[in-house]
Amino acid sequence: MSISATAAPQAQTPAPPDLAALKARQQATWSSGDYAVVGTTLQIVGEQLCESLDVRAGQKVLDVAAGNGNASLAAARRWCEVVATDYVPALLSRARERAAAERLKIEFQEADAEALPFAPASFDAVMSTFGVMFTADQDKAAAELIRVCRAGGKIGMANWTPEGFIGQIFKTIGKYLPPPAGAKSPALWGTRARIDEMFGAHASAIQAEPRHFVFRYRSPAHWLQVFKTYYGPLLKAFSALDPAGQAALESDLIAQIDRFNRSGDAGMVVPSEYLEIVITRR
């Protein structure tokens, strides 16, 4: 028998994910529902991030994947010169309304986090709260944050961790609607190892602090109703499933809330871990 006939078959290299298709899918997801209804409850995270970044009046600050503007508003309250970007125009419109109501000066610009329309070293601080972590091409997005931040400037992020409540929500959704083969989990942005991998070569210092945002709702059922209606990833998940699948997903989500819930009554008080990252640009 020949050697070629007895040799073990070579493993085929999996095809790389279609990042353009993934980006289109993600953009459609975040354009559905009305994330601003959920996003506005997260305002405290933007305030905390600005404090950790120690932003100063007059600094040029970029908020990437700004959503409805939590971090942008926080920086503007500190008299920074703020530019807020997102690739979902409806969310920028919500942020613009909030800024107008508070008489805060913010420049809004539709932009893709993977191709920011700014010159290198344009900003003193670049930040993102639960935004850039959902980009399709993680390395490209990280490279853009690095590129537009000046030497000695800071990059600040708040990213859900894999083990935290929202990280586990995405894991549960993945049981019913698996992500495309080869796609990297957004929750990797909530790990120190991945942050070091993407930013370490361009950083003089990296601080990563686990923190918790606490979801406070009338009940687990109230949280589920709000998220099914307004939060794109859950809205899309439920709309893609048949009635039996929807019932099973709902049951899994309620069980997950019960595991995290510390209300002690019929309400919902669920801490969700996120990683707050402050990178000093080399």
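Residues numbered from 1 in each chain as written. Predicted model: local features only at pLDDT ≥ 70, side-chain atom pairs only at ≥ 80, totals over all residues. Heavy atoms only, no water.

All right, on to the environment of Thr-29 then. Tracing the chain through its elements places Thr-29 in helix H2 (residues 19-31). Those residues in contact with Thr-29 that sit more than four places away from it in its chain are Gly-232, Pro-233 and Lys-236. (Helix = DSSP H or I, 4+ residues; strand = E, 2+ residues; numbered from the N terminus. Contact = heavy atoms within 4.5 Å.)

An order of E3-E2-E1-E4-E5-E7-E6 is seen for the seven strands of this open sheet, with the pairing classed as mixed. Edge strands, defined here as strands with exactly one partner in the open sheet, are strand E3 (106-110) and strand E6 (203-217). Between one strand axis and the next, the sheet turns by 20° as a mean value, whatever way the strands run. Across seven bridges, strand E5 (residues 149-160) lies against strand E7 (residues 268-281) in antiparallel orientation. (Pairing = 2+ DSSP bridges. Axes fitted to C-alpha atoms, helices over the stretch in contact; angles between N-to-C directions.)

Turning our attention to the packing of aromatic side chains. Tallied over the entire structure, the rule returns 20 aromatic pairs. Cation over ring: Lys-228 sits above Phe-238, and NZ or CZ is 4.9 Å from the ring centre. (Phe/Tyr/Trp six-rings, centres within 6.5 Å; stacked < 30°, edge-to-face > 60°. Lys NZ or Arg CZ within 6 Å of the ring centre and 35° of its normal.)

This part covers the pattern of salt bridges. Pairing between side chains of opposite charge can happen when the charged atoms of each approach one another. In this structure the tally under the stated criterion is 16 salt bridges. With its nearest N and O atoms 3.0 Å apart, the salt bridge here joins Glu-197 to Arg-194. Placement of both Glu-197 and Arg-194 in helix H9 (residues 192-199) is noted, with a separation of three residues, approximately one turn of the helix. Owing to a relative accessible area of 59%, Glu-197 belongs among the exposed residues under this scheme. Exposure remark for Arg-194: the relative accessible area of 5% places this residue in the buried category. Put simply, Glu-276 and Arg-211 hold a salt bridge, and the shortest N to O gap is 3.0 Å. Of the two residues, Glu-276 is situated in strand E7 and Arg-211 in strand E6; the sequence distance between them amounts to 65 residues. Since its relative accessible area comes to 4%, Glu-276 is described here as buried. Through salt bridges with shared partners, a single network forms among Glu-47, Glu-51, Arg-77, Arg-78 and Glu-102. (Salt bridge = Lys/Arg side-chain N within 4 Å of Asp/Glu carboxyl O. Buried < 20%, exposed > 50% of the residue type's maximum accessible area, 1.4 Å probe, protein only.)

What follows covers the state of the cysteines. For the structure shown, the criterion picks out zero disulfides. Unpaired in terms of disulfides, Cys-80 finds its nearest cysteine sulfur in Cys-50, a separation of 6.6 Å. On the basis of relative accessible area, Cys-80 is assigned to the buried category, the value being 6%. Cys-149 takes part in no disulfide bond, and the closest cysteine sulfur, belonging to Cys-80, lies 13 Å away. Exposure remark for Cys-149: the relative accessible area of 2% places this residue in the buried category. (Disulfide = S-S within 2.5 Å.)

Mapped onto the present numbering, the UniProt feature "domain: Methyltransferase" (unreviewed entry) falls at residues 61-153. This span, residues 61-153, is 34% helix and 28% strand, and a straight line between its end C-alpha atoms measures 10 Å. (UniProt positions renumbered as here; feature names shortened; annotations may be inferred.)

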